[in-house]
Each structure stands twice: as structure tokens, then as C-alpha cells.
Amino acid sequence: MLAALVGRSERTAPPAVGAGVPVLRVMSVEAALPFYIDYLGFTLDWEHQFEPGTPLYVQVSRSQAVLHLSEHHGDGSPNGVAWFPVADVIGLHTELLNRPNAPMRPGLDTNAPGGPTFQVIDPYGNILRFAQPSTT
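Rules of the game
Residues numbered from 1 in each chain as written. Predicted model: local features only at pLDDT ≥ 70, side-chain atom pairs only at ≥ 80, totals over all residues. Heavy atoms only, no water. Pairing = 2+ DSSP bridges. Helix = DSSP H or I, 4+ residues; strand = E, 2+ residues; numbered from the N terminus. Axes fitted to C-alpha atoms, helices over the stretch in contact; angles between N-to-C directions. Polar contact = N/O pair within 3.5 Å; in protein donor to acceptor, adjacent residues only side chain to side chain. Contact = heavy atoms within 4.5 Å. Buried < 20%, exposed > 50% of the residue type's maximum accessible area, 1.4 Å probe, protein only. Lys, Arg positive; Asp, Glu negative; His and termini not counted. Salt bridge = Lys/Arg side-chain N within 4 Å of Asp/Glu carboxyl O. Phe/Tyr/Trp six-rings, centres within 6.5 Å; stacked < 30°, edge-to-face > 60°. Core = buried A, V, L, I, M, F, W, Y, C linked by side-chain atoms within 4.5 Å.

This paragraph deals with the sheet that holds strand 4 (residues 65-70). Read across the sheet, 4 strands follow the order 1-4-3-2 without closing on themselves; strand pairing throughout is mixed. Both outer strands of the open sheet, strand 1 (23-25) and strand 2 (43-48), are each paired with one neighbouring strand and no more. Neighbour-to-neighbour, the strand axes of this sheet turn through a mean angle of 25 degrees, independent of strand direction. The pairing of strand 1 with strand 4 spans 3 bridges and is classified as parallel. Across the sheet, residue V23 finds its bridge partner in strand 4, namely H68.

Structural data, given as C-alpha cells:
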């Protein structure tokens, strides 16, 4: 009955939905970018600002991981969480530990329920979890 109300019965295949992109609230993109670029190894893809003096909105990425960092008040609040699957989480963990002037030295939980996992916290309290999902 509900399918008829939304027109689903007329479709032959459901519409495809792409991967989500977490939007993390930061107070200053300028202060957050060194953490994401220099420490985590992300690349700044683009930035948007309606006019000078207004909040910035940027995209950073590394491999298939994409994040939006927003200074806009309405785009959530600090202390968000983003989870990323990683093919070699131990390799990524080692890479971060070897960064000169690393802002943190995250621990690695090899017994996490979803597979080996570590997390880092950005300057605004947003948590980024990196996990190597088990293949069982």
C-alpha cells in the first residue's frame, strides 16, 4: 500500500545511492587543515566561500575517503565521528606514528569487534576511526 503512494510500483529498479560524505564541523578550516593534510595525508580538493569573510566549506580526500569540513554553524557540531575502512590499518597506523611532529600517537586495538582499529581526534573533537574489517 505505501509503495503505491510513493510511486515505487512504477520503477523497475531502485535508484542507485552513492557513498555518503561526512560533513565535520570545524571552527576554522585554516586551523584544521594542517591536521588533515600534514598529519593524515589528505589532499585539499576544493574550497568554497560565498564571499570574503563568510564561513569556508572545503573538501579533503585520501584514496577513496572523502570528507567535507565546514565552518558553517548549521552544519552540525564538533565531536562528530567518521568511520573509514582501511585495507592495511597497521600500515596506516605506522605511517602516522612516523610523521615528524605528529600531534598524537594513536593506540591500535587489534581486538576491536570490527577488526583492528585506531582513532584520531581532530582539533575540534571530531573522531576519525580507521578499521580493517575482518574478511570472515
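Having seen the structure, we can now continue with the description.
Assignment of secondary structure puts S70 in strand 4. Here the side chain of S70 touches D75 through a polar contact of 2.7 Å, side chain to side chain. For S70, the contacting residues outside a window of four places in its chain are V23, L24, R25, V26, L56, Y57 and D75.

Another point: the side chain of R25. Within the secondary structure, R25 sits in strand 1. Although R25 is buried, it forms no salt bridge, and the closest oppositely charged side chain is E71 at an N-O distance of 7.1 Å. A polar contact is formed between the side chain of R25 and the backbone oxygen of E71, at a distance of 2.9 Å. Within polar-contact distance, the side chain of R25 engages the backbone oxygen of H72 at 3.2 Å. With sequence-adjacent residues up to four places away left out, R25 is seen in contact with S70, E71, H72, H73, D75, G76, S77, P78, Y124 and N126.

Within the structure shown, the criterion is met by 6 aromatic pairs. Measuring from ring centre to ring centre gives 5.4 Å for F35 and Y39, while their planes differ by 45 degrees; the resulting arrangement is tilted. Linking F35 with Y39, this pair stays in helix 2 (residues 29-39), spanning 4 residues, or about one helical turn. Using a relative accessible area of 3% as the deciding quantity, one classes Y39 as buried. Summarising the aromatic geometry, the rings of W46 and Y57 are spaced 6.1 Å apart at their centres and angled 20 degrees between planes, so their arrangement reads as stacked. Separated by 11 residues along the polypeptide, W46 in strand 2 and Y57 in strand 3 (residues 57-62) bring together distant segments of the chain. A residue is classified by how much of its surface remains accessible, and Y57, at 17% relative accessible area, is buried.

Our focus in this paragraph is the environment of T135. Looking at the element boundaries, T135 is found in the segment after strand 7 (127-131). Classification of T135 by relative accessible area gives exposed; the value is 81%. With 20 residues separating them along the chain, T135 and G115 place their C-alpha atoms 9.0 Å apart.

For the rest of this paragraph, the subject is the nonpolar core. Membership of the largest hydrophobic core comes to 27 residues, with the highest contact counts inside it found for Y36, L40, L67, L69, V120, L128 and F130. Within the residue set of this core, elements represented by two or more residues are helix 2, strand 3, strand 4, strand 5 (81-85), helix 3 (89-97), strand 6 (117-121) and strand 7. Looking at which element gives the most residues to this core, the answer is helix 2, with 6 residues. Discounting residues that sit within four places of it in the chain, L128 has contacts with F35, Y36, L40, L67, A82, F84, F118, Q119, V120 and D122.

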